[in-house]
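Understanding the architecture of this molecule
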Amino acid sequence: FRSVKYYNRDDKLALIGDRSAGNFAEWALMFLPLMWIHAIFVDPSVSFQICAIYSFFRAMYPVLFAFGRVYLSTIPSYTVILYLLF
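A brief look at the structure comes next. (Residues numbered from 1 in each chain as written. Predicted model: local features only at pLDDT ≥ 70, side-chain atom pairs only at ≥ 80, totals over all residues. Heavy atoms only, no water.)

Overview of the environment of Ala 39
With respect to the secondary-structure elements, Ala 39 resides in helix α2 (residues 12–41). As for Ala 39 and Ile 50, which are separated by 11 residues in sequence, their C-alpha atoms are 9.9 Å apart. (Helix = DSSP H or I, 4+ residues; strand = E, 2+ residues; numbered from the N terminus.)

Quick look at the structure:
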């Protein structure tokens, strides 16, 4: 599985781009519907703040991936999704 997921491990920049886009796309399917449900049924202004926080940590993913600290981006992002879920 690692050989498929990290097929371009020799090209660091391509690997960062692939994993950033892949991780974002994987979790967008969970985040976007939850964010819209929260905005419609709970509070749009809070949803905007949640979206800003989530977007900030998603934007930090490529930088943190380059330094091997990807968990500093993913854990807060997953926490936002858990907040929206419950």
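Notes on the packing of helix α3 (residues 44–66) against helix α4 (residues 71–85)
For the pair α3 and α4, interaxial distance at closest approach is 8 Å and the crossing angle is 155°. Classed by the angle they form, the pair α3 and α4 counts as roughly antiparallel. As α3 runs across α4, the sense of the crossing is left-handed. Contacts between α3 and α4 involve Ile 50, Ile 53, Tyr 54, Phe 57, Arg 58, Met 60, Tyr 61 and Leu 64 from the first element and Leu 72, Ser 73, Thr 74, Pro 76, Ser 77, Tyr 78, Val 80, Ile 81, Tyr 83 and Leu 84 from the second. (Axes fitted to C-alpha atoms, helices over the stretch in contact; angles between N-to-C directions. Parallel < 35°, antiparallel > 145°, perpendicular 65-115°, else oblique. Left-handed = near helix turned anticlockwise from the far one by under 90°. Contact = heavy atoms within 4.5 Å.)

Quick look at the environment of Arg 19
By the secondary structure assignment, Arg 19 is in helix α2. Residue Arg 19 is classed as buried on the basis of its relative accessible area, which comes to 8%. Linking Arg 19 and Leu 64, residues 45 residues apart in sequence, is a C-alpha distance of 12 Å. Ignoring anything within four residues of it in the chain, the contact list for Arg 19 reads Lys 5, Tyr 6, Glu 26, Tyr 61 and Phe 65. (Buried < 20%, exposed > 50% of the residue type's maximum accessible area, 1.4 Å probe, protein only.)

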